[in-house]
Amino acid sequence: MTDALRITRGTVYDPANGVDGVVADVCVENGRIVAVVPESARRIDARGMVVMPGGVDIHSHVAGATGNAARRLLPEQHAADAEPAPALTRDGPLARSGAGGTVPTTFTTGYRYAGLGYTTVFDAAVAPLYARSSHAELDETPIVDGGFYVLVGDDAYLWQLIRTGDRPRARQYVAWLLSATGGYALKIVNPGGVEMWKRGHRRRIGLDDPLGSDSVTPRAILDTVCDVADTLRLPHATHIHCNDLGLAGNVATTLATMQALAGRRAHFTHLQFHAYAIGADGRRRSGARELVDYVNQHPEVSADVGQVMFGPATTLTADAAVEYLLYKSSGRKWVNSDIELETGCGIVPHTYREKQAVSALQWVVGLELFLLAADPWRVVLSTDHPNGGSFMAYPELMRLLMDRAYRDDCLKRVNGSLLQGSALADGLSREYTLNEIAIVTRAGPARLLGLTQKGHLGVGADADVTVYTPDDDWSVMFSTPRFVIKGGMVVVEEGQLRRAPAGRRLHVRPDFDRAIEAPLRSFFERHATVSFDNYPIGRLRDAPVATE
Ligand SMILES: [Zn+2]
């Protein structure tokens, strides 16, 4: 229960409800948006300010075992960016100190997201075996509502079911797995490539290459998982990290993957890392235009960009093969680990530099995807935190999208040697409006996630609201909200973080037939180091999101 609140006369951007810069009041009671509140309700005077729903991050890495390993790998970043405990009010939970850098500690992650006006965050890749640890981390990531996607593309049990063509049992197994892990959606990473890497395979894998069996191919994995997600009526489409991440010419792979799933709901993540063509000179160049042309013409496709931002980052992914290549080319410290029966993991710290040709191309490709996308509802904002850059760079990214003069100045500084034929280098005049920013950072991600109570300010929505003070520099405006309301509670007040309630867990629990448990138990007994009974995480405090 929270007190009634009226945010008065702000300029409201609520694209899901067709509200584009209208001066209006927003009323809040009991954690929800309501039509009216009593006259006696607390008021926040938002005259001259910009009011939006709270931000929704569809793809980040904040609560996975990989992130924890990255924290251990980067003590120097933590020492350089110590975060004192915020000055919270005394009536709430204890304030915690922490550390930042590219992979902040849990409490600091929650505080910093909320400090940017974000109120919902999903971790995009959790190995089922580590689901318990991810829930523990989300429990310690305050303010934001959150959840995670479960890695299934290189799962040994699912591969058995693909091999035997047992689609009904594949549905039962995946439904069981989502319930056992408390996941929200299904994630595929480099389908087949992760398992083959673990087996010592070191070449690129084509969509139709057999993976130890003629019937298991990347195409069959994509087909099976997307079919299961649709049959189970999961709120979010299958979240797909395509094969060949980062490789020159991979735009052909990405397009072939989209075509393999044509007509079916699918979300293609960090598209920027999958949008490189090969020019006539044999060198890599932007493939953004041909990729975005396809996306524009196919309404069933959605994507997030995975923008690269100049500066330090940490690449961390289940795509262990990619990390090996990055380690070999950079010589930096790294982690590589296999996760039994399920997936892999690799981590390499990285720095994107303006004067480095590939970094500059990546930065340009991401901006091209944003600026050429016809439908902002289907091409939404991410940096694949912390892979392309920290979520703390979102305000700077918003400025790049909104301010052409600033963007052109930045473009003049970058290494142009791989930018022949680039749409951005040729000049793109588009500037995102505030309404479009509200789409790519809240309304769009919420819709793609099937979160009907997020990303908008209609009556009945969760009362997650951000109030910004306009500034000539958009990045200043978006990095310093004046007020942030989470679930009806004012967490940022006059620019200061004051309250840090626990966030809610967003997960699904589709029905399954318990007959799946007997063969699974015997599979665990034969192959796993964890007993079947210890694998499920048990009940979560928050009820699941409906899957109808
Ligand atoms: Zn990612």
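Residues numbered from 1 in each chain as written. Predicted model: local features only at pLDDT ≥ 70, side-chain atom pairs only at ≥ 80, totals over all residues. Heavy atoms only, no water.

## Quick look at the overall build of the protein chain
Rule in force here: Numbering of helices and strands starts at the N terminus; helices are DSSP runs of H or I of at least 4 residues and strands are runs of E of at least 2. Three labels apply to residues, based on accessible area from a 1.4 Å probe with only protein chains included: buried if under 20% of the type maximum, exposed if over 50%, partly exposed otherwise in between. Here, residues are in contact when the closest pair of their heavy atoms is within 4.5 Å. Exposure was quantified through the Shrake-Rupley algorithm and a 1.4 Å probe, taking into account, for residues, occlusion by the shown protein chains and nothing else. Here Asp and Glu are counted as negative and Lys and Arg as positive; His is not counted, and neither are the chain ends. Here the site of a charge means NZ on Lys, CZ on Arg, CG on Asp, or CD on Glu.
Summing up its helical and strand segments, the protein chain has 18 helices and 24 strands in all. In terms of principal-axis extent, the alpha carbons of the protein chain reach across some 70 × 55 × 45 Å. A total of 548 residues make up the protein chain; the buried ones form 61% of that total. A fraction of 76% describes how many contacts in the protein chain between residues 6 or more apart in sequence connect residues 24 or more apart. Element-wise, carbon and sulfur atoms account for 49% of the exposed surface of the protein chain, whose accessible area totals about 20,100 Å². The positive charge centre, built from 57 side chains, and the negative charge centre, built from 63, are 2 Å apart in the protein chain.

## What about the packing of aromatic side chains?
Put simply, the rule reads: Pairing of aromatic side chains here covers Phe, Tyr and the six-membered ring of Trp, requires ring centres within 6.5 Å, and sorts the geometry by plane angle: under 30 degrees stacked, over 60 edge-to-face, intermediate tilted. Both a distance and an angle decide whether a charge sits over a ring: NZ of Lys or CZ of Arg must be within 6 Å of the ring centre and within 35 degrees of the ring normal.
Within this structure, the stated rule accounts for 20 aromatic pairs. Note on Phe-122 and Tyr-149: the rings are 5.6 Å apart at their centroids and 20° apart in plane angle, and the pair reads as stacked. Of this pair, Phe-122 sits in strand S9 (residues 118-126) while Tyr-149 sits in strand S10 (residues 145-151); the two residues are 27 residues apart in sequence, bridging distant segments of the chain. We classify Phe-122 as buried; its relative accessible area is 0%. Grouped by ring-pair contacts, the aromatic residues Tyr-157, Tyr-173, Trp-176, Phe-523, Phe-524, Phe-532 and Tyr-535 constitute a single cluster. Geometry around Tyr-406 places Arg-399 over its ring, the cationic atom sitting 3.6 Å from the centre. For Arg-447, the ring lying beneath its charged end belongs to Trp-377, and the centroid distance is 3.9 Å.

## Describing the pattern of salt bridges
The following threshold applies: By salt bridge we mean one thing: a side-chain nitrogen of Lys or Arg within 4 Å of a carboxyl oxygen of Asp or Glu.
For the structure shown, the criterion picks out 38 salt bridges. The partner of Glu-354 in a salt bridge is Arg-413, and the shortest N-O contact between them spans 3.2 Å. Of this pair, Glu-354 sits in the loop between strand S19 (343-352) and helix H12 (357-372) while Arg-413 sits in helix H14 (residues 404-413); the two residues are 59 residues apart in sequence, bridging distant segments of the chain. Residue class for Glu-354 comes out partly exposed when judged on its relative accessible area of 23%. A residue is classified by how much of its surface remains accessible, and Arg-413, at 39% relative accessible area, is partly exposed. Residue Asp-462 pairs with Arg-504 through a salt bridge whose shortest N-O separation is 3.1 Å. In this pair, Asp-462 sits in the loop between helix H16 (434-448) and strand S21 (465-468) while Arg-504 sits in the loop between strand S24 (496-497) and helix H18 (517-527), placing the two residues 42 residues apart along the sequence. A residue is classified by how much of its surface remains accessible, and Asp-462, at 7% relative accessible area, is buried. Of the residues examined, Arg-504 reaches a relative accessible area of 35% and is grouped as partly exposed.

## Side note on the packing of helix H5 (residues 156-163) against helix H6 (residues 167-181)
Note the following rule: Each axis is a line fitted through C-alpha atoms, and for a helix only the stretch in contact is used; angles between axes span 0 to 180 degrees, taken between their N-to-C directions. Working rule for angles: under 35 degrees goes down as roughly parallel, over 145 as roughly antiparallel, 65 to 115 as roughly perpendicular, anything else as oblique. Left-handed describes a crossing whose near helix is turned anticlockwise from the far helix through less than a right angle; right-handed describes the clockwise counterpart. In the scheme used here, Gly and all other residues not listed as nonpolar or charged are polar, with Ala, Val, Leu, Ile, Met, Phe, Trp, Tyr, Cys and Pro taken as nonpolar and Asp, Glu, Lys and Arg as charged.
Look at H5 against H6: their axes get within 9 Å of each other, and the N-to-C directions meet at 165°. Between H5 and H6, the angle falls in the class roughly antiparallel. When you trace H5 past H6, the crossing you get is left-handed. Across from Tyr-157, Leu-158 and Leu-161 in H5, the residues of H6 making contact are Arg-169, Ala-170, Tyr-173 and Val-174. Class assignment of the residues belonging to the contact of H5 with H6 gives a composition of six nonpolar, no polar and one charged.

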